[in-house]
Amino acid sequence: MGFLSHDALNPEGLMAEVSAPERGGTVTFVGLVRNHHGGRQVRSLTYSAYEPMAESVCAEILAEAESRWPVRIALRHRLGALEIGEVAVAIAVAGDHRDEAFEACRYLIEELKRRVPIWKRETYADGSEAWVDPTQPGTATRESGIEEPSR
Amino acid sequence: MSTTLRSPIIRVHLFARYADLLGVDHVDLPIDGLATAGDVVSRVQGLPGGRDIGIGSLVAVNLRQVPLHTPVVAGDEVALLPPLAGG
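What you are looking at is a predicted structure, and each value in this text was computed from that prediction instead of being measured.

Quick notes on the rules
- Residues numbered from 1 in each chain as written.
- Chains lettered and ligands numbered in written order.
- Predicted model: local features only at pLDDT ≥ 70, side-chain atom pairs only at ≥ 80, totals over all residues.
- Helix = DSSP H or I, 4+ residues; strand = E, 2+ residues; numbered from the N terminus.
- Rg over C-alpha atoms; globule rule 2.2 N^0.38 Å.
- Buried ≥ 20, exposed ≤ 12 C-beta atoms within 10 Å, placed from the backbone.
- Contact = placed C-beta atoms within 7 Å.
- Arc of directions from axis to C-beta.
- Pairing = 2+ DSSP bridges.
- Axes fitted to C-alpha atoms, helices over the stretch in contact; angles between N-to-C directions.
- Nonpolar A, V, L, I, M, F, W, Y, C, P; charged D, E, K, R; others polar.

Points about the overall build of chain A
Helix and strand counts for chain A stand at three helices and nine strands. Rg of the C-alpha trace for chain A: 16 Å, near the compact-globule value of 15 Å for 151 residues, within the 12% margin. Out of the 151 residues in chain A, the part that is buried amounts to 32%. Long-range contacts, defined here as pairs at least 24 residues apart, represent 75% of the contacts in chain A between residues at least 6 apart.

See the structure below:
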């Protein structure tokens, strides 16, 4: 437990959690709050989650990746109000070699976006607000909504 | 006495846009007539503000995403999840 954080994330600290002398291939993915979305100027955003399920699904995804590749993983997602440029999500992966680290890191961020119940409410430059819906055309995220689990 | 003490219920958690639509973060539904997760979705769609809950919604029962035909029983924790937007 503890994949969600209301406090600022520290990607370097995450990498330190998984580093070891034998692990020579490390990959860090850091997702930052972007100042635009769907052609609109974003001023800030707020993340919320179904926290018990989000923690459970993050643990599940992490276990899947660690069973599939010989890597160690640290993962955090931010909740609450964030400004432009703040770290929204950070994933640190360390393996003996780079291939498994790259592949596991890519798997983790894609599965997180697809399966973890987290929502984002954006505030725009004109003061209006909206929930981000990746299933709507014209939004930046490519995942579409699904009514049934796909696995 | 509250009827909820005599009538078994299912608590349905609502999040993000769905919580805004219904103006609450959860509803307690009597179990009568609810056999599956899909039945729960239909019942919530019939509540004031629930009409726009639909395409793209995901359902979780006891913290796991499930297909709509999944059976539900009294005491289950059901959640209606708007399209996910983490990361």
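Concerning helix H3 (residues 37–45) of chain B
Residue and element names in this part refer to chain B. For H3, the set of buried residues is Ala37, Val40, Val41 and Val44. Taken around the axis of H3, the buried residues stretch over an arc of 100°, which confines them to a single face. Contact partners of the buried residues in H3: strand S1 (9–14), strand S2 (26–30), strand S3 (58–61) and strand S5 (77–81).

Quick notes on the sheet that holds S3(B)
Each strand in a sheet pairs with another by means of backbone hydrogen bonds, the pair being arranged parallel or else antiparallel. Residues and elements named next belong to chain B. The mixed open sheet is built from five strands, whose spatial order is S2-S1-S5-S3-S4. In this open sheet, the two strands that pair with only one neighbour each are S2 and strand S4 (64–65). In this sheet, S5 lies alongside S3 in antiparallel orientation, the contact comprising four bridges. The residue of S5 that forms the bridge with leucine 58 is leucine 81. Of the strands in this sheet, S1, S2, S3 and S5 are in contact with H3, which crosses S5 at around 65°.

Some thoughts on the interface of chain A and chain B
Between chain A and chain B, the residue contacts involve 25 residues of the former and 20 residues of the latter. Tallied by class, the residues present in the side of chain A that touches chain B amount to 14 nonpolar, six polar and five charged.

Focus: the environment of A:Val27
Residues and elements named next belong to chain A. Tracing the chain through its elements places valine 27 in strand S2 (residues 25–32). Sequence separation of valine 27 and aspartate 99 is 72 residues, and the distance between their C-alpha atoms is 9.8 Å. In this structure valine 27 touches Val93, Ala101, Phe102 and Cys105, once residues within four positions along its chain are discounted.

Re the sheet that holds strand S5 (residues 71–78) of chain A
All names here are of chain A. Ordered in space as S1-S5-S7-S2, the four strands form an open sheet in which the pairing is mixed. Looking at strand neighbours, the two that pair on one side only are strand S1 (4–5) and S2, the edges of this open sheet. Summarising the sheet, S5 and strand S7 (residues 87–95) pair through seven bridges and their orientation is antiparallel. In the strand pairing of S7, isoleucine 73 is matched with valine 93. Lying on the sheet, helix H2 (residues 51–68) is in contact with S1 and S5; it crosses S5 at an angle near 160°. On the sheet, helix H3 (residues 98–115) packs against S2, S5 and S7 and is oriented at approximately 150° with respect to S7.

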